Amino acid sequence: MALQPIKHKEPASGRKANNTVAMRSAVERLLPAVNAMDLSISFMDMEEVIGFEALYDSMHKCKKGVIWKESVAHYVLNSLEETYKLNEQLENGTYKARQIAKFTITRPKKREIISVCFRDRVYQRSLNDNALYPIMTNSFIRDNWACQRGKGTDDARDRMKLFLQRMYRKYGTEFYGLQIDVHGYYPNMRHDLTNAMLERKLEPEIAKRAIDVLDGQYAGDVGYNPGSQMVQIVGISALDDHDHKIKEDLDVDEFGRYMDDSLAFHPSREYLEYCRKVIGEILAEKGLEFNPKKTRVFSITDGFTFLGFKYRLTDTGKVIMIIDPKNVKERRRILRRLVRKAKQGELTKAKVDECYYAWRNHASKGNSFKLMQRMDKYYKSLWR
């Protein structure tokens, strides 16, 4: 009987060492692929977007404030049937968006707005709320304020006060601000960059649905119209890399953005001028540019206007915030017109009161006690 050669048995410690080396080698080979991935992509069940329950819930959100319209009332009265049909069409691929309507508004500035039918709005709202919003906003900095739950204009103003107070504690009134406004933000947004962003951030099927909606509503290669929730989410997402560049690479702590309007504070005017140059280059890559009339570096003692309020920091560190006088002048003009219509029987006094007190609540966010007294007196005089 031939003797078999004795196989050498590797010590356990040696096997562990080799396994560790092999694992490390495998990880190193995978790192480039992992780094290329956008880890914000979250694979989700499409039932959460186009399922019956998701669409039915979306319908209830969309009907608020517009149920008096005939088309909306018809959809809501036949909600089970209409939602079932919409769900079937989306699942079997036979869904086709209906023709959009376009109209122009003149205030606060002239712009073209699109209107989609209620059925399409239900689908878009579900797509936006259940997929786009949670994924796209996940990477935002804290002080990206627009169009998000728990944020908005009130949060932006509170944070602006906080920024000024922080800077005052460090530098007194010896610091500067960089105010940025993008010229024609929505009309100049490039479709190819928007689509690439959606494909990078979203699951493929979700990205395709979002791109189909946007491309179907906005012809050409450039430009969107604000109003649609999906466009708003795209709008606040398009400059997300710009926000991180300012906060992380340029190391500007006191920075915030509301849509295309942003403010940054720093003790050095020269450094803010440099930041302005860098940000301008980022915008140029996106086909955007500064609004030259509103983009500036300024001393904090000069004050600034943001979201309809004028801010001023006193020598004692108190932040004074008063509503822009242009806003007051415009509101008086509107009140005169509304009261005139009410006296002619075209409106009720209750409706005009509602409009006035809504503006009054907005104006009262600032240091406006005496202004409120004058406006109350003026409003009462219009009814005499």
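Everything numeric here is computed off the predicted structure, so don't read it as measured data.

## Some remarks on the overall build of the protein
Part 1 of the argument: Along the backbone of the protein there are 15 helices and nine strands.
Part 2 of the argument: Classification of the 384 residues of the protein by burial places 43% in the buried group.
Part 3 of the argument: Taking the contacts inside the protein whose residues are at least 6 apart along the sequence as the reference set, 69% of them involve residues at least 24 apart.

## Comments concerning the packing of aromatic side chains
Part 1 of the argument: For the structure on display, the rule yields 16 aromatic pairs.
Part 2 of the argument: On the numbers, 6.3 Å between centres and 40° between planes, the contact of W145 with F163 is tilted. Residue W145 is found in the loop between α6 (118–136) and α7 (153–171), and its partner F163 is found in helix α7; the two are separated by 18 residues along the sequence.
Part 3 of the argument: Note on W145 and F306: the rings are 6.0 Å apart at their centroids and 65° apart in plane angle, and the pair reads as edge-to-face. Taken together, the residues W145 in the loop between α6 and α7 and F306 in strand β7 (residues 304–306) connect sequence positions 161 residues apart.

## Concerning the environment of L272
Part 1 of the argument: For L272, the position within the fold is in helix α12 (residues 269–285).
Part 2 of the argument: Taking the C-alpha atoms as reference points, L272 and Y176, 96 residues apart in sequence, are found 7.9 Å from one another.
Part 3 of the argument: With residues up to four places along the chain from it excluded, the contact list for L272 reads Y176, G177, L178, A264, H266 and V297.

## Re the environment of V213
Part 1 of the argument: Following the sequence through the fold, V213 ends up in helix α9 (residues 204–217).
Part 2 of the argument: Put simply, V213 and L127 are 86 residues apart on the chain and 10.0 Å apart in space, counted from C-alpha to C-alpha.
Part 3 of the argument: Beyond its immediate sequence surroundings of up to four residues, V213 is in contact with Y123, Q124, L127 and M230.

## Let's talk about the sheet that holds strand β8 (residues 309–313)
Part 1 of the argument: Ordered by their spatial adjacency, three strands build an open sheet running β7-β8-β9, and the pairing between neighbours is antiparallel. Pairing within the sheet leaves two strands with one partner each, and these edge strands are β7 and β9 (319–323). Taken pair by pair, the neighbouring strands of this sheet meet at an average axis angle of 30°, ignoring direction.
Part 2 of the argument: One ladder, built from five bridges, connects β8 with β9; its direction is antiparallel. Each bridged residue has a counterpart across the sheet, and for R312 the counterpart in β9 is I320.

## Details of a positive patch on the surface
Part 1 of the argument: The grouping of K109, K294, K310 and K326 at the surface amounts to a positive patch.
Part 2 of the argument: Tracing the backbone shows K294 in the loop between α12 and β6 (296–299).

## Re the nonpolar core
Part 1 of the argument: L127, F265 and F304 are the most contacted members of the largest nonpolar core, which totals 101 residues.
Part 2 of the argument: F304 has contacts with M160, L164, Q179, L263, F265, R296, F298, F309, K310 and Y311, leaving out every residue within four places of it along the chain.

## So, the sheet that holds β6
Part 1 of the argument: Here four strands make up an open sheet; going across it, the order is β4-β5-β3-β6 and the pairing antiparallel. Strand pairing shows two members of the sheet lacking a second neighbour, β4 (255–258) and β6, which therefore form its edges. Across this sheet, the average inter-strand angle for adjacent strands is 20°, counted without regard to direction.
Part 2 of the argument: Pairing analysis gives four bridges linking strand β3 (residues 176–181) to β6, with the strands arranged antiparallel. The residue of β6 that forms the bridge with Q179 is R296.

Thresholds applied
- Residues numbered from 1 in each chain as written.
- Predicted model: local features only at pLDDT ≥ 70, side-chain atom pairs only at ≥ 80, totals over all residues.
- Heavy atoms only, no water.
- Helix = DSSP H or I, 4+ residues; strand = E, 2+ residues; numbered from the N terminus.
- Buried < 20%, exposed > 50% of the residue type's maximum accessible area, 1.4 Å probe, protein only.
- Contact = heavy atoms within 4.5 Å.
- Phe/Tyr/Trp six-rings, centres within 6.5 Å; stacked < 30°, edge-to-face > 60°.
- Pairing = 2+ DSSP bridges.
- Axes fitted to C-alpha atoms, helices over the stretch in contact; angles between N-to-C directions.
- Patch = residues over 30% accessible without salt bridge, like charges linked within 9 Å, V, L, I, M, F, W, Y side chains within 5 Å.
- Areas by Shrake-Rupley, 256 points an atom, 1.4 Å probe, with all protein chains shown as cover.
- Salt bridge = Lys/Arg side-chain N within 4 Å of Asp/Glu carboxyl O.
- Lys, Arg positive; Asp, Glu negative; His and termini not counted.
- Charge placed at Lys NZ, Arg CZ, Asp CG, Glu CD.
- Core = buried A, V, L, I, M, F, W, Y, C linked by side-chain atoms within 4.5 Å.

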